[in-house]
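# Close look at the chain arrangement
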Amino acid sequence: MFFEKLLDLENDEKLWSFALKDRIPLWLNIRFAVFWDLQKEKYEMSNPHLSERKKILEIIKYFYFSIIRNLWLIKKNKIVIFGAGINNVKEGSVYINKLYDLYIENDSRFQLLESSAKKKYPLPRKYKDVYYSDLILMIAKILSYFIVLKREEYKTIENFLDYLKSKNLIKDSSKENWNKRLINICKKNKILHNLYKNFFKTKNVKAVILEDAHYGGNSVLIKQAKEAGIPVIEMQHGYIGKGHLAYNYNKEQYDLLKNYLPDVYLSFGEYWSERVRTPAKIINIGNAYLEQKASIESNKKDILLLISGGTMPEAYNEISQKLASLFKDKYKLLFRPHPSERPKLEERYSNLKARGFEFDLSNLYETLPNVEIIISYELSTVLYEALLF
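Residues numbered from 1 in each chain as written. Predicted model: local features only at pLDDT ≥ 70, side-chain atom pairs only at ≥ 80, totals over all residues. Heavy atoms only, no water.

### Considerations on the packing of aromatic side chains
Under the counting rule described, the total for this entry stands at 28 aromatic pairs. Pairing Tyr271 with Trp272 gives two aromatic rings, centres 5.1 Å apart and planes at 90°, and the pair type is edge-to-face. Where Tyr316 meets Phe335, the ring centres are 6.3 Å apart and the plane angle is 55°; that geometry is what we call tilted. Taken together, the residues Tyr316 in helix 13 (residues 313-327) and Phe335 in strand 11 (residues 332-336) connect sequence positions 19 residues apart. (Phe/Tyr/Trp six-rings, centres within 6.5 Å; stacked < 30°, edge-to-face > 60°. Helix = DSSP H or I, 4+ residues; strand = E, 2+ residues; numbered from the N terminus.)

### What about the pairing of strand 10 (residues 303-307)?
Counted residue by residue, strand 10 has five buried out of five residues, so it is predominantly covered. Going residue by residue along strand 10, you find Ile303, Leu305 and Ile307 tucked away on one face and Leu304 and Leu306 tucked away on the opposite face as well. Taken together, the five bridges between strand 10 and strand 11 define a ladder with parallel strand orientation. Among the inter-strand pairings, Ile303 is bridged to a residue of strand 11, identified as Lys332. After leaving strand 10, the chain enters helix 13 and then returns to the sheet as strand 11, a path that is right-handed. As paired elements, strand 10 and strand 13 (residues 373-376) share four bridges and run parallel to each other. Along strand 13, the bridge assignment pairs Leu306 with Ile375. (Buried < 20%, exposed > 50% of the residue type's maximum accessible area, 1.4 Å probe, protein only. Pairing = 2+ DSSP bridges. Right-handed = clockwise from strand over helix to strand, strands pointing away.)

### A word on the pattern of salt bridges
Tallying each qualifying case throughout the model produces 22 salt bridges. Notably, a salt bridge pairs Asp107 with Arg109, separated by 2.6 Å at the nearest N-O pair. For Asp263, the salt bridge goes to Lys226, with nearest N and O atoms at 3.2 Å. Of this pair, Asp263 sits in the loop between helix 10 (254-257) and strand 8 (264-267) while Lys226 is found in helix 9 (residues 219-227), placing the two residues 37 residues apart along the sequence. By relative accessible area, Asp263 is classed as partly exposed at 32%. Through salt bridges with shared partners, a single ionic network connects Arg23, Lys223 and Glu227. (Salt bridge = Lys/Arg side-chain N within 4 Å of Asp/Glu carboxyl O.)

Structure, rendered in structure tokens:
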């Protein structure tokens, strides 16, 4: 298995030894991105994260809410959740964060902070006590332009990338891009160390629940929290498996990694717990929102749902033609893009609409009870969730 070979490469003390003054392994900052590039090349996958041009009014609105609802305005002594806006689903005229809201809406111990979804905040919210975390990253990015690394730090980064090249983890042709990327990360991290330290101290945070805590990009936040004696927890937010790049680490490095990964991982259940390799303690808590929706009686109709994970658009264009010829007369045909594909939906999938597919952008959990057939080329959380319906 390709990913298992990558994990074997991580059983290497030298790979993890390259670090700047903060002692965070440089490898942890770009691990997921390097593995993703290697996997994308091997399996000829596309990038699911597509950008879109923002209108001036949207940009103004984004900055306005980022400032007036910023994280430094929350009350003290809270269990702070660093969540993601992409987890919001629309119910009627309001949005609900399907991962956290049901757990915290009547519990004053918690404070939800959300990151934006492509520079947008889902509004209005049913659960209104929501603040936003984007401002801390904005400040770090701006101030990072005034940071100059020391000569030995530049040398450490260069030596690290040379080592990655020697292990065939990056190519010589891409070294310069990785160098620029890593320098920018390290500059920004220097600012984030102080910002998170100040935030945790002034707000007397009791615990942190951090989304994507295993991806490596939040290692500064985790390090500062742990140095302040604050436990760090992650809740499962989607599919995980033994081939997931972010949730599987080489066990030989657990003693090192426990300093930069969460203390506890809250999973959807035992099935998922057995498919993650992490030094974190794993606790099964279920999936409250999904279980609530699945308790509603299904009303199966002649509907076929084709689901994209965002990395194989050509394959979905190809199979849609075959599915249309087989099922168009008997089934209503729906296509659900990955959320990150929506900005370029027409560009990627105009052929599907011409073949009779309708784009389904509604609340997934209002669609699933009505669907008879679900098809996807990719490992998607939706395929597992569909089993409950």
